[in-house]
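Below, each chain spelled out in residue letters.
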Amino acid sequence: MTIDAHQHFWQFDPVRDAWISEEMNVIRRDFLPADLAPLLKAAGVDACVAVQADQSEAETQFLVDCAKGSDIVKAVVGWVDLRSPDVAERLAFWAGEPLVKGFRHIVQGEPDDKFLLREDFNRGIAALKKHGFTYDVLVFPHQLPAVEQFVERHPEQPMVIDHLAKPYIKKKEIGDWTKHIRRIARSPQVHCKLSGMVTEADMQNWKEADFRPYLDTVLEAFGPERLMYGSDWPVCLLAADYARQKSIVDHFISALSASEQQRIMGNNAAAFYNIS
């Protein structure tokens, strides 16, 4: 099975979705499974993982409803308040919904660079293991020092770094990012998504060669057994259509063995998110 391990759905609300500015007009509308299905079919992708974009449990339920109404959505990465005193109760509730495989917090939007080290947040992370939930790590490069400490605190918690931790591809900055990524990858429970790259580059003028140093780094650090393809659709539409963004990963992994390519394009995601 070929799996897109990272995409989003929403019914656009200008207040709730204020992060989608007027300059992002191409994605200021609804995006639902019926919109994605033909794109996946054309690209030879069998299934997808729907990831939260809004920090509410209503968002988690919305994604579950999307998944139940579509054959393509095999897993949901939702949101709960991992800092809440009643987090155990909320996780137990969502454990009753088999489509919910894990959770994410939009840490990149937190003003505290060390948000991931908060004691209340870490109590919530520690509670995930009981139910077999995964955790998606969404950060900017300046937050990577905290990620290093965070992953060491949870050696048995499956985690995945979204979007290569958003390296500064447009600025061609790579040194500090590489140093931290290599350290994080030493923790064997941590994976990395090959996703979200086109919107970190010069969105209207990128070339595939722009991504090669970053892709080489994560391949060396994580190996093909801990990488997974993701489109970040529809956000990717700001810089590339579905087929074009996928071609970056397709071309990059073409030199790998057939089994390594299949791991990156589906098997790793299936194992990580428990997709059958």
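Every chain's residues receive numbers from 1 upward, in the order its sequence appears when written. Since the coordinates come from a predicted model, pLDDT governs what is reported: local features require at least 70, and pairs of side-chain atoms require 80 or more to be given and counted, while whole-chain, interface and lining totals use all residues. As a rule here, side-chain values cover all heavy atoms of the structure and leave hydrogens and water aside.

(A) Representation of the environment of Phe93 in the model. Numbering of helices and strands starts at the N terminus; helices are DSSP runs of H or I of at least 4 residues and strands are runs of E of at least 2. In this structure, Phe93 sits in helix α3 (residues 87-95). Considered as a pair, Phe93 and Lys170 are 77 residues apart in the sequence and their alpha carbons are 42 Å apart.

(B) Up close: the pattern of salt bridges. In what follows, salt bridge is the name for a side-chain nitrogen of Lys or Arg lying within 4 Å of a carboxyl oxygen of Asp or Glu. The final tally for this structure, using the stated rule, is 16 salt bridges. Notably, a salt bridge pairs Glu97 with Lys68, separated by 3.0 Å at the nearest N-O pair. One end of the pair, Glu97, is in the loop between α3 and β4 (100-105); the other, Lys68, is in helix α2 (residues 57-68), and 29 residues separate them in sequence. Buried means the residue's accessible area, taken with a 1.4 Å probe over protein chains only, is under 20% of the maximum for its type, while exposed means over 50%, and partly exposed covers the values in between. A relative accessible area of 13% means that Glu97 is categorised as buried. You can call Lys68 exposed: its relative accessible area is 55%. The salt bridge involving Arg183 is made with Glu148; its shortest N-O contact spans 3.7 Å. Pair noted here: Arg183 is in helix α6 (residues 175-185) and Glu148 is in helix α5 (residues 144-153), with a separation of 35 residues, a long-range link.

(C) Geometry of the environment of His163. Examined against the element boundaries, His163 turns out to sit in the loop between β6 (159-161) and α6. Along the chain, His163 and Val198 lie 35 residues apart, while their C-alpha atoms are 9.8 Å from each other. Any two residues whose heavy atoms approach within 4.5 Å are treated as being in contact. Leaving out residues up to four positions away in the same chain, His163 has contacts with His6, Arg104, Leu138, Lys193, Ser195, Gly196 and Asp232. Here a polar contact is taken to be a pair of N or O atoms separated by no more than 3.5 Å, where protein atoms must pair a possible hydrogen donor with a possible acceptor and residues adjacent in sequence count only if both atoms sit in side chains. Within the structure, the side chain of His163 is placed 3.5 Å from the side chain of His6, a separation counted as a polar contact.

(D) Structural view of the side chain of Thr134. Along the chain, Thr134 turns up in strand β5 (residues 134-137). The contact partners of Thr134, leaving out residues within four places of it in the chain, are Lys101, Gly102, Phe103, Leu128, Gln157, Pro158, Phe272 and Tyr273.

(E) How the structure looks around the packing of aromatic side chains. Only centres within 6.5 Å qualify two rings of Phe, Tyr or Trp (six-membered ring in Trp) as a pair; their planes then separate them into stacked at under 30 degrees, edge-to-face at over 60, and tilted for everything else. If you walk through the whole model with that rule in mind, you get 13 aromatic pairs. Ring centres of Phe31 and Trp233 lie 5.3 Å apart, and the angle between their planes is 90°; on these two criteria the pair is classed as edge-to-face. You can see Phe31 sitting in the loop between β1 (3-7) and α1 (33-43) and its partner Trp233 sitting in the loop between β8 (227-229) and α8 (242-253), a full 202 residues away along the chain. Here the two residues Phe31 and Trp233 agree in accessibility, since each one is buried. For the ring pair Phe272 and Tyr273, a centre distance of 4.8 Å and an interplane angle of 85° mean the geometry is edge-to-face. Since its relative accessible area comes to 9%, Phe272 is described here as buried. On the basis of relative accessibility, which here comes to 0%, the residue Tyr273 falls in the buried class. One aromatic cluster is present, formed by Phe9, Trp10, Trp19, Phe31 and Trp233 through successive ring pairs. Remark: a charge is flagged as sitting over a ring if the NZ atom of Lys or the CZ atom of Arg is within 6 Å of the ring centre and within 35 degrees of the ring normal. The ring of Phe93 has Arg90 lying over it, and the distance from NZ or CZ to the ring centre is 4.6 Å.

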